[in-house]
Structures are given as structure tokens and as C-alpha cells.
Amino acid sequence: AFQMGDDFSVVRGRHQLGVGFNFVRSTLKGDSIGAGAGNFVFNGSFTGLGLADFLLGRPSAFNQAQPFTPTGHMNYVGSYVQDAWTVTPRLTLNIGLRWDPFFQYENDLGRFNHFSLEQFRSGVRSTRFTNAPVGVLYDGDPGLENESHLPNFAPRLAAAWDPLGNGRLTVRTAWGRFFDLPHMQYFAGFDRLTPFGTQIDVTNAVFDDPWVNTPGGNPFPLVERPDMVFPLGGGFVTFPLDGKPPYSDQWNVSVQRQLGASWMISANYLANRGNRLPVGDQLNPAIYSPGATTGTTQARRLLTLENPAEGRLYGPIYGVRQVGTSEYNALMLSLQHRGARGLFLSSNYTMSECVSDLINYEPGIAGINLTKPGDVAFDRGSCGTTDQRHVANMSVVYQIPGADGGAFSALTRDWQVSAIVAARSGRHFDVTTGVDNALNGQSGQRPNKISDDEYVKEGLRWLNPAAFQAPAPGTYGNLQRNSLVGPGRFNVDMGVTRSFRFGGTQQIQLRGEVFNVLNRVHYDDPVSALNSN
């Protein structure tokens, strides 16, 4: 990455004005990356046990891809103007505006494509690759142009108020809008998938010869040329041509109060709303029909059913929709004590909730896609592992007062005892069926919840398997995403320190530390796939 920028500020009376500018050019340049020499999945689709499927040589899925070389760049330009305005000695306002125009990623090898159902149904065909299936266009094709988005203005407003005028009570509040940029790996899928680093998913593979049931056999290696033959069931990634950057609105209110000479308490409310977040959707799902199996996934895909001659060239199509939202709310309380009488203490407690759609931050490597294609609301739920409703931390250091003098003073002075206490509730997680019950070609499907008695919490077992049931073929479970909570944690670490001073300003320090003083077992989240052994 190359970066340059500058900031400038000036004080005029009660105003402190500032302006700034940044430019960053980020490049993505990688050596050939092996996208997969051949990956098998044995999940019990045939016998009910993954190990038995393996012994029979019957994988539920197989995929292979040839090496690819991601190469591209993206430019970022940002500028801002702000004013810190001292309205009165008790009130200060901070007002600012940032401009963050969005410039699209550019693939230096021309490996950008765009698919849409409208193009497919209208018979639009690429002129760059004459044998490409209808519906997909590549760099150099007429009408294919990525649009940048320039009017991204992000205002900010903050205020600090001293109600008493003595600095012992403060009230602060702030609001701001913040634009984000996708990281470079986000776009690697264009280099990885058809036809440049084609990944092919096979659902009727056999372990000893994965391509035996594929017409034409093993298609690798592929050679890029205008008249290259496109393989059957190739994977694709597509983004909106008029893509806009995601953004969040963040605001907070805090009250801080000093008590006496050494104590301080504070209460803070924090909120965040994410908008235009990327949601991964499967644009070519398998359509369920009576008698369907995972082995018929490709034959039942939407485009194959609509146009068998052209649709058979398409496997999964990972599309990005910028419709996701997220919500975060938190109350944070803190208590601090400064070093009076040898005591240092810092503690905080946070109660929070995070809810979001199923956000896809990794479409470059297929990423995470909606469980139920086209239905964003079906996957809305807790943010998962980052959603811990209760978190408390405390660190304390106590300087033990030594004797005033004599030989006993040399033994008792310069001792220090410290402790760190951390407690938090469990992380939210999913229970999945582990198989394609809906027979739509998607992973991560959830079961039906048939009992409110979801937990066992005995010994090494956390979940009650009898509370969940795999849905009927072609249907989806009723369990909400990330609605289960794993084990919480409570930990205490302690330390004892003795300092030996010499030479006036120098000292040697000996430390003894004990971690997990209570010797508690900290469990990870449980195995949560119904088909796990």
C-alpha cells in the first residue's frame, strides 16, 4: 500500500479549526494460490454416519479448483474539516464533516465479471469469451462498467458539558457516520472462479474417481483463451455494478463523576447501526422436487431448469446484495480508584446486545451465504461469537505498607499484590443439521426446535439432542440463528511482586504469578451439528 496525507489546524478565538487529507493506494498481488487440489465432504448423507460414508467411498460433495493469481488495486481518498468550538467555559462542541468517496476495485488482469438473471433470461452473451454461458459479461464486454460512488459525506457532532463548573461532573455525547471499505481479499473470487481459477462442485462424485459421473471427465487444467471451453457446473461470484460502501451510524452518551480525591464512576450508553452491509445470496439454488437427493443438486439448479443447454454450465453463483443491517446497544459502567493509600483499581461491566443479518465479509472465497436463498429475514439473529451479553473485568494493585524503620522495614517494604478478575457470559452459536435437508445446495441449515429444554449442562454435555430434530426434506428448520448460548467464563489471575532498590534510581523486581487461581475448567462452545459423531 502507498499512503500520503496531511493535517492542518489553527486557533481563532473560541474556535480550533482543522482540515485534513488522505490518499491510500492499496494493491493486491499474490503468487499462484492453490484453490483446492480436491476436497471431499463426508457428512452421513448416504448412511447417516460420516465415517460409514467414507468407508463406502460416497462423498456428499467434492470440489476442485486450479491455482489462481489475485492481482488488482483500489484507491482511497478522504478529507475532512472540523471545528472544536468552546461555546462557554462549561460547554464545548466539536462539529465535523468527512468526505469519503468510494472508488471501485480494479482487477489489473481484467478478471472481473458480472452475472444477472436479467442478462441470462435476455440471452446476453460475452464477446470476450465466445463459449461463455449467456448471462455473464467480462471486462471488455460492451455495457460492463463498475460505477464509483462519490457523494459519501459523513457528518460528526459531539458535545462536552461541565454542569457544575468545577470539573468533577461531565456529560458527553457524540454522533457520527462512518463509511467502510471492503478489504482486498473481498475481491479475490473474481480470480478464483470461472474461467480463471475455476472451482467446480461435484455432488455425484465417487471417492476413487471423483469425475467418473461428470460428462467429459476431469476438465483440469483450464487454459484461458477467447474460445476456451467452459466446464459444466462452474462456480461464479458477482457483485452489483453500482455498489456503494457500507456505513454505520454510531452514537453515545456518557456521564462521569469524581467522588472524593481518588474515586471516579462513569456510565456510558453506546449504540451502533450498520447499513448497506454485504449479504451473500445463492443466485442459482437447487429447487426441491419429490424424490430429490444431494446427487441431483446440479440437475435441479434454477438456471438448469430454466434453460438446460446454458444453465448446465453454471454451478453455484455467489451474489452480493447490499441490504444487510446490524444493531448494537450497550450499557457500560466503570469504577476507578487512583493510587491513594497504595490502591489502584479499575473495573467495568458491560451489558450489551448485538443483532444482525447474516453478513458476508468473505465473498472472495465463496464466503457465507443465506441459508434460505432470497430470504434475508430468515437468517437474522444474534451476531454470534461477538455477542456476549454480560462482560465484567476488574484489575487491582495494592502496595503493601511496610514497617516504618529498622530491620523489619527492609523485609516488609516494596511488596505489591495484584489481581485480574474476568467474568463473561457465553457466546451465541448455531445448531446445524450438518446436511442439506432443504436440498437447495446450501450449507449451514438449522434444525427444528421441538423442546424448550435445549440444555443439559452436565459433565461434558452442554446441549440436549432430544430438543432438536432435522426438518423434513425440502423444508427449513424453525430454530433462530445463533439463539443458543455456550458456557460462560470466570477467571482469576494473581501476582506478587517484590522490588529491591539500589543506586538511588535503579531497582530489581522479582515477580511470582499464578494464572487461573481457582483452577476452573473453561469449556469451549459445544459441538453443534446434529450429524456429529
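Only a predicted model underlies this, so the values are computations on that prediction, with no experimental measurement involved.

## Focus on the overall build of the protein
Counting its regular elements, the protein contains six helices and 28 strands. Seen along its three principal axes, the alpha-carbon backbone of the protein occupies a region of about 95 × 65 × 50 Å. The long-range share in the protein, meaning contacts at least 24 apart out of those at least 6 apart in sequence, stands at 69%. Of the roughly 27,200 Å² of accessible surface on the protein, a fraction of 57% belongs to carbon and sulfur atoms.

## What about the packing of aromatic side chains?
Counted according to the given criterion, the structure contains 19 aromatic pairs. Residues F115 and F120 carry aromatic rings whose centres are separated by 6.4 Å and whose planes lie at 50 degrees to one another, so their mutual orientation is tilted. For F115, a relative accessible area of 2% corresponds to the buried category. You can call F120 buried: its relative accessible area is 4%. Plain terms: the ring middles of F120 and Y314 are 6.0 Å apart, the flat faces sit at 75 degrees to each other, and that makes the pair edge-to-face. Of the two residues, F120 is situated in helix α2 (residues 117-122) and Y314 in strand β16 (residues 314-337); the sequence distance between them amounts to 194 residues. One exposure class covers both F120 and Y314, and it is buried.

## Quick notes on the pattern of salt bridges
Using the criterion set out here, one finds 19 salt bridges in the structure. K372 serves as the salt-bridge partner of D375, at 3.9 Å between the closest nitrogen and oxygen. Given a relative accessible area of 25%, D375 falls into the partly exposed group. Salt bridges linked by common partners bring R111, R128 and E224 together as one network.

## Some details on the environment of Y314
Owing to a relative accessible area of 0%, Y314 belongs among the buried residues under this scheme. For the pair Y314 and R300, spaced 14 residues apart in the sequence, the C-alpha separation amounts to 11 Å. Polar side-chain contacts of Y314 include one of 2.6 Å to the backbone oxygen of V134.

## Looking at unusual backbone geometry
For N482, which is not glycine, the phi dihedral falls at a positive 55 degrees. With respect to the helices, strands and loops of the structure, N482 is situated in the loop between β25 (468-469) and β26 (484-485). By relative accessible area, which is 10% here, N482 ends up buried. Of note in the backbone geometry, N519 takes a positive phi value of approximately 55 degrees without being a glycine. Owing to a relative accessible area of 65%, N519 belongs among the exposed residues under this scheme.

## A look at the state of the cysteines
With the rule as written, the count across this model stands at one disulfide. Each sulfur of the disulfide joining C354 and C383 lies 1.9 Å from the other. One quick way to see it: the torsion about the S-S bond of C354 and C383 is about -70 degrees, and its sign makes the bridge left-handed. Of this pair, C354 sits in strand β17 (residues 343-356) while C383 sits in the loop between β18 (381-382) and β19 (390-400); the two residues are 29 residues apart in sequence, bridging distant segments of the chain. C354 gets classed as buried once you look at its relative accessible area, which sits at 12%.

## A look at the pairing of strand β4 (residues 61-65)
Across the five residues of β4, four count as buried, placing the element largely inside the fold. Bridging between strand β3 (residues 39-41) and β4 involves three bridges; their strand directions are antiparallel. The partner of F40 across the bridge, within β4, is F62. Across four bridges, β4 lies against strand β12 (residues 199-202) in antiparallel orientation. When the bridges of β12 are listed, N63 appears paired with D201.

## A closer look at the nonpolar core
In terms of nonpolar packing, the biggest core is built from 21 residues, with F129, Y138 and Y314 touching the most fellow members. Of all the secondary structure elements, the ones that give two or more residues to this core are β9 (136-138), β12 and β16. In terms of nonpolar packing, the next biggest core, distinct from the first, is built from 17 residues, F112, L144, M184 and F190 among them.

## Some remarks on the environment of N63
Along the chain, N63 turns up in strand β4. Residue N63 is classed as buried on the basis of its relative accessible area, which comes to 18%. The spacing of N63 and N204 is 141 residues in sequence and 11 Å in space, taken between C-alpha atoms. Setting aside chain neighbours within four positions, we find N63 in contact with G38, N39, Q199, I200 and D201.

## Observations regarding the environment of D524
Position of D524 relative to the elements: it lies in the segment after β28 (506-514). Through-space distance from the C-alpha of D524 to that of N218 is 41 Å; in sequence the pair is 306 residues apart. The contact partners of D524, leaving out residues within four places of it in the chain, are R427 and P487. A polar atom in the side chain of D524 sits 3.0 Å from the side chain of R427.

## Side note on the pairing of strand β20 (residues 415-424)
Consecutive side chains along a regular strand alternate between the two faces of the sheet. Pairing between β19 and β20: ten bridges, direction antiparallel. Bridging from a neighbouring strand, N393 pairs with A422 of β20. In this structure, β20 lies alongside strand β27 (residues 489-502), joined through ten bridges in antiparallel fashion. Considered in β27, the bridge of V417 is made with V496.

About the thresholds
Residues numbered from 1 in each chain as written. Predicted model: local features only at pLDDT ≥ 70, side-chain atom pairs only at ≥ 80, totals over all residues. Heavy atoms only, no water. Helix = DSSP H or I, 4+ residues; strand = E, 2+ residues; numbered from the N terminus. Contact = heavy atoms within 4.5 Å. Areas by Shrake-Rupley, 256 points an atom, 1.4 Å probe, with all protein chains shown as cover. Phe/Tyr/Trp six-rings, centres within 6.5 Å; stacked < 30°, edge-to-face > 60°. Buried < 20%, exposed > 50% of the residue type's maximum accessible area, 1.4 Å probe, protein only. Salt bridge = Lys/Arg side-chain N within 4 Å of Asp/Glu carboxyl O. Polar contact = N/O pair within 3.5 Å; in protein donor to acceptor, adjacent residues only side chain to side chain. Disulfide = S-S within 2.5 Å. Pairing = 2+ DSSP bridges. Core = buried A, V, L, I, M, F, W, Y, C linked by side-chain atoms within 4.5 Å.

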